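Letter by letter, the chains look like this.
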Amino acid sequence: MESENSTVVKEFILLGLTQSRDMQLLVFVLVLIFYLIILPGNFLIILTIRLDPGLTAPLYFFLGNLAFLDASYSFIVAPRMLVDFLSEKKVISYRGCITQLFFLHFLGGGEGLLLVVMAFDRYMAICRPLHYSTVMNPRACYALLLALWLGGFVHSIIQVALILRLPFCGPNQLDNFFCDVPQVIKLACTDTFVVELLMVFNSGLMTLLCFLGLLASYAVILFRVRGSSSEGKSKAMSTCTTHIIVIFLMFGPGIFIYTRPFRAFPADKVVSLFHTVIFPLLNPVIYTLRNQEVKASVRRLFNQHIA
């Protein structure tokens, strides 16, 4: 690999979230507490959906996969970030950096496509209820799940392939707390203008189009439910509102990071922290807190084990 792209850099030094030791300690404690509270909640959602025979609808199937993707996504950055907070020298190998970048975009791309699938599911359930069970059958759900995993893989492998072709001969300091495309590209010993355009097209345009498409789809759904009964309208509005909140949490930071030229902004690290650690863990919890069926199932599961 090094002989093909003239890479001589063996490791990258991560400058971290902040240089202040007091601020590092504060963020470490807050992120650790958040991580230890919310992460088990994600696994509880997965366990509840798996064990409760009443939660077999496609909505819960995809919600369980969302919780799994988000929990996996948080493992890419958060544990290493917490360890680095306690380390004087924050170093990641070249191969480790590429691996982290691959899984970051593999799972992130898959989650973005999963939200598209969930929007389609809600459209069929609310706007085409008579065709819902026929279209969203178990085989179709598994096919959609396979497609989104494949889509995430293709998206990520393009990112990695473009970066592997770049020469890295120094400097090797990444101004972030993890490896991501914008910071890594800037360290290449060559003109990266074309690569940056390709990256913006692959990540930024995909993120923006998914975001706009999702907003448009939920606008159509909300327009269609205006004439529904009060109970059906209330439930549809609640579901769609939840999905829209998660869409903004997922795609807002992604649009900020990837749809512009790779220049550093003061807010980049804070946005990246929420994008890679905070929001992924919150997404399934937001869905659960606004879903009466899942909340009731969690309570039943909890009460059974307490009894």
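Residues numbered from 1 in each chain as written. Predicted model: local features only at pLDDT ≥ 70, side-chain atom pairs only at ≥ 80, totals over all residues. Heavy atoms only, no water.

### Section: the overall build of the chain
No. 1: Per the secondary structure count, the chain includes eleven helices and three strands.
No. 2: In terms of C-alpha radius of gyration, the chain reaches 21 Å, essentially the compact-globule figure of 19 Å for 307 residues.
No. 3: In terms of its C-alpha atoms, the chain occupies a principal-axis envelope of roughly 65 × 45 × 30 Å.
No. 4: In the chain, which comprises 307 residues, the proportion classed as buried is 50%.
No. 5: Within the chain, contacts between residues at least 6 apart in sequence are counted, and of these 80% link residues at least 24 apart.
No. 6: Element-wise, carbon and sulfur atoms account for 68% of the exposed surface of the chain, whose accessible area totals about 15100 Å².
No. 7: One finds the centroid of the 23 positive side-chain charges in the chain at a distance of 9 Å from the centroid of its 17 negative side-chain charges. (Helix = DSSP H or I, 4+ residues; strand = E, 2+ residues; numbered from the N terminus. Rg over C-alpha atoms; globule rule 2.2 N^0.38 Å. Buried < 20%, exposed > 50% of the residue type's maximum accessible area, 1.4 Å probe, protein only. Contact = heavy atoms within 4.5 Å. Areas by Shrake-Rupley, 256 points an atom, 1.4 Å probe, with all protein chains shown as cover. Lys, Arg positive; Asp, Glu negative; His and termini not counted. Charge placed at Lys NZ, Arg CZ, Asp CG, Glu CD.)

### Focus on the pattern of salt bridges
For side chains of opposite charge, pairing can occur when their charged atoms come near one another.
No. 1: In the structure shown here, the tally under the stated rule is five salt bridges.
No. 2: The closest approach of N and O atoms between Arg122 and Asp121, which form a salt bridge, is 2.8 Å. (Salt bridge = Lys/Arg side-chain N within 4 Å of Asp/Glu carboxyl O.)

### Quick look at helix 8 (residues 193-224)
No. 1: Taking 1.5 Å per residue as the helical rise, helix 8 with its 32 residues ought to reach 46 Å, and the 45 Å between its terminal C-alpha atoms agrees with that figure.
No. 2: By the largest-angle criterion, Phe201 marks the main kink of helix 8, which is about 30°.
No. 3: Inspection of helix 8 places Val195, Glu196, Met199, Asn202, Ser203, Gly204, Thr207, Cys210, Phe211, Leu214, Tyr218 and Ile221 among the buried residues, and these make up the whole buried set. (Expected span 1.5 Å × (residues − 1). Bend = angle between axes of the 7 residues up to and from the residue.)

### Points about the UniProt feature "transmembrane region" (unreviewed entry) in the chain
No. 1: Summarizing the sequence annotation, UniProt attributes the feature "transmembrane region" (unreviewed entry) to residues 25-47, 59-78, 98-120, 141-164, 205-225, 237-258 and 270-289 in the numbering used throughout.
No. 2: Strand forms 0% of residues 59-78 and helix 100%; the C-alpha atoms that close the span are 28 Å apart.
No. 3: Counted over residues 205-225, helix gives 95% and strand 0%. Its end C-alpha atoms are 30 Å apart. (UniProt positions renumbered as here; feature names shortened; annotations may be inferred.)

### A few points about the pairing of strand 1 (residues 11-14)
No. 1: Residues Phe12 and Leu14 of strand 1 are buried on one face, while the alternating residues Glu11 and Ile13, pointing to the opposite face, are not.
No. 2: Here two bridges tie strand 1 to strand 3 (residues 173-174), and the two strands are oriented parallel to one another. Residue pairing for strand 3: Leu14 is matched across the bridge by Leu174. (Pairing = 2+ DSSP bridges.)

### Observations regarding the sheet that holds strand 3
No. 1: The strand order across the open sheet built from three strands is 2-1-3, with neighbouring strands paired in mixed fashion. Edge strands, defined here as strands with exactly one partner in the open sheet, are strand 2 (91-93) and strand 3.
No. 2: Here three bridges tie strand 1 to strand 2, and the two strands are oriented antiparallel to one another. Across the sheet, the residue bridging to Ile13 is Val91, located in strand 2.
No. 3: Where helix 4 (residues 94-127) meets the sheet, it contacts strand 1, strand 2 and strand 3, and its direction lies at approximately 85° from that of strand 2. (Axes fitted to C-alpha atoms, helices over the stretch in contact; angles between N-to-C directions.)

### Section: the nonpolar core
No. 1: Within the largest apolar cluster, 91 residues are counted, with the highest numbers of intra-cluster contacts made by Phe12, Leu115, Ile163, Phe168 and Phe251.
No. 2: If near-sequence neighbours (up to four positions away) are discounted, Ile163 is found in contact with Tyr94, Ile98, Leu101, Phe168, Val181, Val184, Ile185 and Met199. (Core = buried A, V, L, I, M, F, W, Y, C linked by side-chain atoms within 4.5 Å.)

### Quick word on the state of the cysteines
No. 1: Summed over the entire model, instances satisfying the criterion amount to two disulfides.
No. 2: Between the sulfur atoms of Cys97 and its disulfide mate Cys179 the distance is 2.1 Å. Handedness here is read from the sign of the S-S torsion; for Cys97 and Cys179, about -120°, the answer is left-handed. Of this pair, Cys97 sits in helix 4 while Cys179 sits in the loop between strand 3 and helix 7 (181-185), and the two are 82 residues apart along the sequence. Of the two residues, Cys97 and Cys179, neither departs from the other in class, the shared state being buried.
No. 3: Here Cys169 is linked by a disulfide to Cys189, with a sulfur-sulfur distance of 2.0 Å. Residues Cys169 and Cys189 share a disulfide whose torsion about the S-S bond is about -140°; that sign makes it left-handed. (Disulfide = S-S within 2.5 Å.)

### Brief notes about the packing of aromatic side chains
The geometry of an aromatic ring pair is captured by the separation of the ring centres together with the interplanar angle, meaning the angle of the planes.
No. 1: In the structure shown here, the tally under the stated rule is 18 aromatic pairs.
No. 2: Ring centres of Phe61 and Phe62 lie 5.3 Å apart, and the angle between their planes is 65°; on these two criteria the pair is classed as edge-to-face.
No. 3: For the pair Phe102 and Phe106, a centre-to-centre distance of 5.6 Å together with 20° between the ring planes defines the contact as stacked. A residue pair is termed a helical-turn pair when its members lie 3 or 4 positions apart in one helix, as Phe102 and Phe106 do in helix 4 at four residues. Residue Phe102 shares its accessibility class with Phe106, and that shared class is buried.
No. 4: Through a chain of ring-to-ring contacts, the aromatic side chains of Phe68, Phe102, Phe103, Phe106, Trp149 and Phe153 assemble into a single cluster. (Phe/Tyr/Trp six-rings, centres within 6.5 Å; stacked < 30°, edge-to-face > 60°.)

### Thoughts on the side chain of Thr242
No. 1: For Thr242, the location among the structural elements is in helix 9 (residues 230-258).
No. 2: With near-sequence residues (within four places) excluded, Thr242 lies in contact with Ile286, Tyr287 and Arg290.

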